[in-house]
Each structure stands twice: as structure tokens, then as C-alpha cells.
Amino acid sequence: MEPASARVAALLAGNPPEDRVVFPMVVADHAARLARVKVGEAATDAETLARVLHAAWQRYRYDMVMVFADTVVEAEAMGAVVEFQENDNAFLVEPPDDAGLQSADPECDGRLPMMLAATRMLKELLGDRVPLVTSIKGTFTLASFLAGMERFLGAVLDEPGTVRRYLDLAHANQTRYIAAIVRAGGIPFIGDPVASGSLISPQVFRDLALPYLARLVDEIHAHGCWAGLHICGDAMDIITDMAATGADVLSVDDIDLAEARRRLGPEVILMGNVSTQLVQGGTPGEVGEAARQCLADAGPRFILSTACDVPAGSPPENVQAIVDAARS
Amino acid sequence: MTDPGDLFALLAEAVAAMKPDRVANLARQVLERKLSPDKAITEGLAAGMRLVGEKYASKVYFVPEVLLASKAMYAGFDILRQALGDEPKRKGRVALGVVRGDIHDIGKNIVKVMVEAAGFEVVDLGRNVPVAEFVRAADQGVELVGISSLMTTTMPRMADVVKALDRRGLRPQTRVVIGGAPVNAMFAERIGADTWAPNAHSAVQAIEELLSAS
Ligand code: B12
């Protein structure tokens, strides 16, 4: 086995490798900038997306590759209106028409086929040398996109029927998408930015986000894959609930890793969390320093990464500084 | 029978407890007893939302709690407003929007709820708002423009808004407040905004200060 896959496999098997595992979350936008390609093109064309992600990996040589165009691919495939920007991430303009809302067909709706094709191409390019993960949205986040953010968050406490309906629709969609990703050679990696500790209470997370995340994790496991889970914002008070989903890798935003480790115990694999602001605006020295601090705080069962995806315009030297911190 | 002050306190409590039906009931009692709807709004509903703002700032409440409490507040407001006859007296008109390229509008919406509860009229420009729309709002007479941005990549567009207001001769009479997680006092000063606020609670204070001074 090649180094990257071997390192990740060892980590997952409970034998942290000597060489630390590292993956700054480089996704479509930063990779496109590196390759001097429009972000809008990388997010809509499979060949371009695969090519820029592959080129970024060749440049930095981190231990994973993530297929991620933007946060709205699933919602778009289910009928949401999306606005594309030439040089920035696409965003949601309108939720889908509510009548007749149903799960998308991953082989033909929206950009899901594009995501699957990019996954297949990267699998071809990378083979078994590097773990290939394909980003999917967590159920809570996708449901909030389907309902409309304010409508959804405003219903969370007093309209359980409405909220469940959107969650169930989102879940059904993700079940099909997960299966298609695995067929394409990817490992589904969950990001649930709206189930964030910055937005909802730990109680709401436990009631409405956790059960659905646990189901996604079970399905990913049933396909024979390991499961990663990223939650944005302040996740300290839900960190043990994140572990309760059964996910093998818990990726966290800007929180104190030493404290997170203390709450979780030594076994759980954490991933994170060099500040994205620092990666974008700091010096390579500062970034390297922050990365080494993460390595020290999180202990051996750890994937060194960024707090969220690497901002598009980050200086490449800063991304490199994270990779180098794991190698030295 | 409860005395009027107590009824207002109950209103505030019901708002803070996120109970739309209870708030509506109490608001109807205010009208039946011919108490001042104005006072019921400020000492009841707005006071309740202030409590909500405090609970949010100290992480007892989160976004869904604030949204449900605001549902409760509006349930009372809609009833009391009818008794005010004309549009209720407002402390001033404020436009709020998230800059172009940024769709993070949850923070802006929370600020909107709190600012409305404090008695201002809010013109909601929405998210992903081009510079020209901020300027148009100022042209049409809002006294203050509140600009939100959650991303370092879109923050510079706040400076563009201030510059455009300047060029149009709308500064300094149109006040500018900025906010959003990456914003700070230094940035506000650098781009020539009047001030900034780290959360919805202090946003209300900042706006009250700016507009009472002018
Ligand atoms: C929820 C969220 C989302 C949701 C947004 C849903 C919505 N409708 O708003 C979704 C999932 C859609 C999303 C998408 C993206 N996101 Co996002 N998101 C977040 C998250 C987790 C929380 C933001 C939030 O709502 N907080 C809660 C609210 C209540 O707080 P607030 O906004 O700060 O508002 C308070 C104060 O700031 C203040 N305030 C706010 N506005 C104003 C205005 C005035 C006038 C005043 C006085 C005060 C004030 O008062 C508010 C209430 O107290 C943050 C993480 C974080 N740490 O903040 C990332 C974050 C903001 N996102 C980020 C990114 C990168 C993205 C994406 C680009 C991801 C992608 N690759 O596609 C897209 C953006 C697309 C776009 N073009 O905008 C980054 C930004 C990094 C950067 N460059 O600076 C962050 C910081 C995550 C990270 N750590 O990297 N995101």
C-alpha cells in the first residue's frame, strides 16, 4: 500500500502511524484558483473538478482527496435554485418547490452525476494510493435547505411534524446518494454545517440531528466504508454527541482541541482545526506553529486539517506549511 | 385583578418563554382593560425580547429559540398594533443587508428581530445584496444602514458600500453599523463605518446611541 492509504488505514485500525496523517480541506474553490481555473467551471464540470483536485494533491501531497464542489449540490438536485459565481462558491437562492418534493436520482439530477463522474475520474487517477472522500451534506443541513433556513430553524421547537417531514425527505435523498458515491469509488464524508453548536442547542442536536446522522453513519458502514463527520462552529458542547453518531473521524471547527480530547478520551479520531482565517491571512510560520499546536493538543489519533475548507485565496505556502508540520 | 405593570411583566415573561398563544392572550387582555398598547409594546414585548437577547448572548438560547420568541413577540405586536390606529411611532428607519456574494443571513435576521423589537422600522434588504441597493435605501431616507458579512472574502464589500454612500453625498448623515463574526472595531474604523457590534444585543445599543445622538 502507498503511504497515504497506509497511514489512514493504520490510524483507523487504532495504530496511529509514526508519520502523522494530514489533510487541509482543499476543495473546489482553492484548487481552482491554484490551477487558474474559474471556480464556477470547477464546480460544474466533472473533468475540470477532478483535474484541479488532482493537481492540488500533486502539489501538496496530503493524505486524502475530497470531492466537494459547494454546499448546495444535493439541494439543487432536489429542485433548489442556485446561483453560480465565476470566481466564488455557488449559493442557494430559493428552496425547491414544496409540492412534489422528493429525492433526486443521483445518476441524472442536477450536479449529482457531475460529482459522481468526478469521483470516478479521481478514483481512476489515484487508485488505492490515496483515500478518496466525496462530501455529502448532513440531514439537518439538507433539510434546512429544502425548507428554507428561517422557516426550518423557526419550526424546530414547535412544529415537529414539519421538521420531521423535511428531515425524512433529506434522509431518503442521502441514502441514494451515498450508495451512488460508493459505487463510483468514493467514501461519503458528512458535513453538517447547520447542525452547528453556533446555531442550535445541544438538546436540539440530540433530538433532531444526531439520530439522522447516526443513520447515515450506519449506512456508510454498511457499504464497507469508514465515516467522517464535520460540524462547523462551536461544537464543544456536542462533541460527545458527535461521537455517539458512530462516525470514525470527527472533524471540528475552531474549538480547543485539548479540551475536546479531554472530553472524548484517547480513542476517538479527531480532525482539525487550523483557523481558516489564519490560513488565509497569516504567514507560513504562524500557520506551521498553529498546526504543531494542533498536533500536540489532539494526541496521536488525529488527522491534521483546517477548521473548515481552505479559503479559496489562501497562499499556497500556508497550505504547504500545514502538510510540512505533519511530516517533520 | 393584576395591576398593569404586572400584566406587562407577564407579557415580557411570555415572550421570553417563547409562548405565542400566551402572548396573544395577554395582549388581548391589555386591550380589554384599555391599557396603553404603546407601553405594552415597550415594557412587555420589547422588554421580553431584551431578555431573549441576553439569553442568546450567554448561550442559554440559540437561533431556534430566538426565532420562536420572535414569533411570540409578533403575535402580541399584531394585536396591539391595531389599537394604535396609525402605524405605531417608530424610533427611526434602519436598513439591514448582507453583502453581495454572501448568503449567511441568520445573524442579520436575528439582528433584525431585536432591532424591530426595540422600536425601529427595519427595511430588510436580504442577503447577497449589491452595493447599489444599500445606496438606494439610504437615498430613500433610512437613517442608518447595517451591513453584515460573515466571510473574510466578502468583508471588503462593506468598504465598497461605505465608499459608495460617501460618493453619493450620503455620509455622514446616513449612519453605518457593521457586523458579522470576522468584523472588529479596527476594521470598522479602517473602512469608515460609524461603529460595529459583536452581537444582536449590542447591535441594538449601538443603533440607539447613533440615532439618538443625531
Ligand atoms: C451556518 C453557516 C453556513 C450556512 C449559512 C445559512 C444561512 N442562511 O445563513 C451554509 C451551510 C449555507 C453556509 C455556506 C457557506 N459557508 Co458558512 N458558516 C456557517 C457557520 C457554521 C455559522 C454562521 C452563523 O449563522 N452563525 C450564527 C449567527 C447568529 O451568528 P453571526 O452570523 O455571527 O451573527 C451575529 C453577529 O455577528 C452579529 N451580526 C451579524 N450581522 C450583523 C450586522 C450588523 C449590522 C450588526 C451590528 C451585527 C451583526 O449579530 C449576530 C447575532 O448575534 C459559520 C461558522 C462560524 N464560526 O461562524 C460558517 C462560515 C461563516 N462559513 C464559511 C464558508 C467558507 C462557507 C461557504 C463558502 C462554504 C462553501 N465552500 O461553499 C458557503 C458560503 C456560500 C456563500 N457564498 O455565502 C466560513 C467563512 C470563512 C471565511 N472565508 O471567512 C465560516 C466562518 C466557516 C469556517 N470556519 O471557515 N455556511
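Reading the values: rules and limits
Throughout this description, residue numbers start from 1 for each chain and increase along the sequence as written. Chains carry letters from A onward and ligands carry numbers from 1 onward, assigned in written order. In keeping with the predicted nature of the model, local features appear solely for residues at pLDDT of at least 70, side-chain atom pairs appear and are counted solely at 80 or more, and the whole-chain, interface and lining totals rest on all residues. Only hydrogens and water are removed before side-chain values are computed, so all heavy atoms of the structure are retained for them. A run of H or I in DSSP counts as a helix once it spans at least four residues, and a run of E counts as a strand once it spans at least two, with each numbered from the N terminus. Here the globule rule is a power law, 2.2 Å times the number of residues to the power 0.38, and the radius of gyration is based on C-alpha atoms. For each residue, the accessible area found with a 1.4 Å probe, counting protein chains only, is set against the maximum for its type, and the residue is called buried under 20%, exposed over 50%, and partly exposed in between. Every residue pair with non-hydrogen atoms within 4.5 Å of one another is taken to be in contact. Each accessible area is a Shrake-Rupley estimate made with a 1.4 Å probe; only the visible protein chains count as cover when residues are assessed. The sign given to each residue is positive for Lys and Arg and negative for Asp and Glu; His and the chain ends receive no count. Lysine's charge is taken at NZ, arginine's at CZ, aspartate's at CG and glutamate's at CD. Among buried residues, those of type Ala, Val, Leu, Ile, Met, Phe, Trp, Tyr and Cys that are joined through side-chain atoms within 4.5 Å constitute a nonpolar core. Only strands that DSSP links by at least two bridges are regarded as paired with each other. Only N, O and S atoms count as donors, using a 2.8 Å cut-off from the metal and 3.2 Å for Na, K and Ca, and because water is excluded some sites may appear unfinished. Definition of nearness: a residue and a molecule or strand are near each other if at least one heavy atom of the residue lies within 4 Å of the molecule or strand. Polar contacts, as used here, are pairs of N or O atoms within 3.5 Å; protein pairs need one atom able to donate a hydrogen and one able to accept it. Residues neighboring in sequence count only if both atoms are side-chain atoms. Each residue gets one label: Ala, Val, Leu, Ile, Met, Phe, Trp, Tyr, Cys and Pro are nonpolar, Asp, Glu, Lys and Arg are charged, and the others, such as Gly, are polar. Once two parts are put together, the accessible area they lose, assessed with a 1.4 Å probe and summed over both, is termed the buried area. Whenever Lys or Arg places a side-chain nitrogen within 4 Å of a carboxyl oxygen from Asp or Glu, that contact is recorded as a salt bridge. Here the axes come from fitting lines to C-alpha atoms, over the contacting stretch only for helices, and the angles between their N-to-C directions go from 0 to 180 degrees. A helix is expected to span 1.5 Å multiplied by its residue count minus one. What the arc measures is the spread of directions leading from the helix axis to the C-beta atoms. Each cavity reported here is a set of points on a 1 Å grid over the protein atoms alone in which a 1.4 Å probe fits but cannot get out, each pocket an open set with protein on both sides within 12 Å along at least five of seven lines, and each lining residue one with an atom within 4 Å of a point. Grid points are joined across faces, edges and corners, and a volume is the space filled by probe spheres set on the points.

Enquirer: Can you lay out the overall build of chain B for me, pointing to particular residues and giving the numbers?
Expert: A count of helical and extended segments in chain B gives nine helices and five strands. Overall, chain B shows an N-to-C arrangement of helices and strands of α-α-α-α-β-α-β-α-β-α-β-α-β-α. Taken over the C-alpha trace, chain B has a radius of gyration of 18 Å; the compact-globule value for 214 residues is 17 Å, and the two agree within 12%. Expressed along its principal axes, the backbone C-alpha trace of chain B runs to roughly 60 × 35 × 25 Å. In chain B, buried positions account for 52% of the 214 residues. Sequence separation of at least 24 residues holds for 72% of the intrachain contacts in chain B that already meet a minimum separation of 6. Of the roughly 9700 Å² of accessible surface on chain B, a fraction of 51% belongs to carbon and sulfur atoms. Mean positive and mean negative side-chain charge positions of chain B (27 and 26 charges, respectively) differ by 3 Å.

Enquirer: How would you explain the nonpolar core if you had to name every residue and give the values?
Expert: Phe140(A), Phe152(A), Leu153(A), Phe205(A) and Leu304(A) are the most contacted members of the largest nonpolar core, which has 181 residues in total. Excluding its chain neighbours within four sequence positions, the residues that come into contact with Phe152(A) are Phe140(A), Ala143(A), Ser144(A), Ala147(A), Val163(A), Tyr166(A) and Leu167(A).

Enquirer: Lay out the sheet that holds strand β6 (residues 187-191) of chain A in plain terms, naming residues and giving numbers.
Expert: Residues and elements named next belong to chain A. With parallel pairing, the eight strands of this open sheet are ordered in space as β1-β10-β9-β8-β7-β6-β5-β2. On the outer flanks of this sheet lie β1 (21-22) and β2 (65-67), each paired with one strand and no other. Of the pairings in the sheet, the one linking β6 to strand β7 (residues 228-231) comprises three bridges and is parallel in character. Within the sheet, the bridge partner assigned to phenylalanine 189 lies in β7 and is glycine 228.

Enquirer: Lay out the environment of Thr175(A) in plain terms, naming residues and giving numbers.
Expert: Residue and element names in this part refer to chain A. Here threonine 175 is to be found in helix α9 (residues 160-184). Judged by relative accessible area, which is 30%, threonine 175 ranks as partly exposed. Remark: the alpha-carbon pair of threonine 175 and aspartate 158, spanning 17 residues in sequence, is separated by 27 Å.

Enquirer: Help me get a handle on the coordination of the cobalt atom of the ligand, residues and values and all.
Expert: Each donor-metal-donor angle in an ideal tetrahedron of four donors is 109.5 degrees, and each such angle in an ideal octahedron of six donors is either 90 or 180 degrees. Only one protein atom coordinates the cobalt atom of the ligand: His104(B) (NE2), located 2.3 Å from the metal. With respect to the helices and strands, the residue His104(B) is situated in the loop between β1 (93-99) and α5 (106-117).

Enquirer: For the site of the ligand, give the residues involved together with the corresponding values.
Expert: Neighbouring residues of the ligand: 40 residues in total, closest Gly101(B), His104(B), Asp105(B), Ser148(B) and Thr152(B). Looking at the residues close to the ligand, they fall on chains A and B. In this structure, Asp253(A) approaches the ligand through a side-chain N or O atom, which is 3.2 Å from a nitrogen atom. In the model, a nitrogen atom of the ligand is placed 3.1 Å from a nitrogen or oxygen of the Asp309(A) side chain. Mapped onto the shell around the ligand, the elements with two or more residues apiece are α5, β3 (144-148), β4 (175-179) and α9 (200-213) of chain B. Its residues assigned to classes, the shell around the ligand comprises 22 nonpolar, 13 polar and five charged.

Enquirer: Please set out the interface of chain B and chain A residue by residue, giving values where relevant.
Expert: Listed by partner, the interface residues are 19 residues for chain B and 22 residues for chain A. Of the roughly 1900 Å² buried where chain B meets chain A, counting both sides, 56% is carbon and sulfur surface. In this assembly, chain B and chain A are joined by four salt bridges. Inspection of the region where chain B meets chain A yields nine residue pairs in polar contact (both at pLDDT 80 or more). Taken together, the elements giving at least two residues each to the side of chain B that touches chain A come down to α4 (63-83), α5 and β2 (121-129) of chain B. Among the elements that make up the side of chain B that touches chain A, the one with the highest residue count is α4(B) (six residues). For the side of chain B that touches chain A, the class distribution of residues is nine nonpolar, five polar and five charged.

Enquirer: Lay out the sheet that holds strand β5 (residues 195-197) of chain B in plain terms, naming residues and giving numbers.
Expert: Residues and elements named next belong to chain B. The five strands are arranged β2-β1-β3-β4-β5 in an open sheet whose pairing can be described as parallel. Two strands in the sheet have a free side with no partner beyond their single neighbour: β2 and β5. With strand direction ignored, the average angle separating the axes of adjacent strands in the sheet is 20 degrees. Bridge analysis of β1 against β3 gives five bridges, and the strand direction is parallel. Bridge assignment links leucine 96 to a residue of β3, and that residue is glycine 146. Along the sheet face, α5 touches β1, β2 and β3 and points at about 175 degrees away from the line of β2.

Enquirer: Residue-level account of helix α14 (residues 284-298) of chain A, with values.
Expert: Residues and elements named next belong to chain A. With 15 residues, α14 should cover 21 Å at 1.5 Å per step; its first-to-last C-alpha distance of 21 Å lies within 8% of that length. Of the positions making up α14, those classed as buried are Val287, Gly288, Ala291, Cys294, Leu295 and Ala298. The arc enclosing the buried residues of α14, seen along the axis, measures out at 115 degrees, which places them on a common side. Exposed residues on α14 whose side chains face more than 90 degrees from its buried face are Glu289 and Ala296.

Enquirer: Residues and numbers for empty space enclosed by the protein, please.
Expert: Scanning the model with the defined rule gives three cavities of 30 Å³ or more in all. There is about 50 Å³ of room inside the largest cavity. In this structure, the largest cavity is lined by Val52(B), Gly53(B), Tyr56(B), Val66(B), Ile110(B), Met114(B), Asn199(B), Ala200(B) and His201(B). Among the secondary structure elements, those contributing two or more residues to the lining of the largest cavity are α3 (37-57), α5 and α9 of chain B. When residues in the lining of the largest cavity are grouped by element, the largest group, three residues, is from α3(B). A breakdown of the residues in the lining of the largest cavity according to their chemical character gives six nonpolar, three polar and no charged. Roughly 40 Å³ of volume is contained in the second largest cavity. Lining the second largest cavity, in full, are Val67(A), Phe68(A), Ala69(A), Asp70(A), Val73(A), Glu74(A), Met115(A), Ser135(A), Ile136(A) and Lys137(A). Of all the elements in the fold, those that place two or more residues in the lining of the second largest cavity are α5 (73-77) and β5 (132-137) of chain A.

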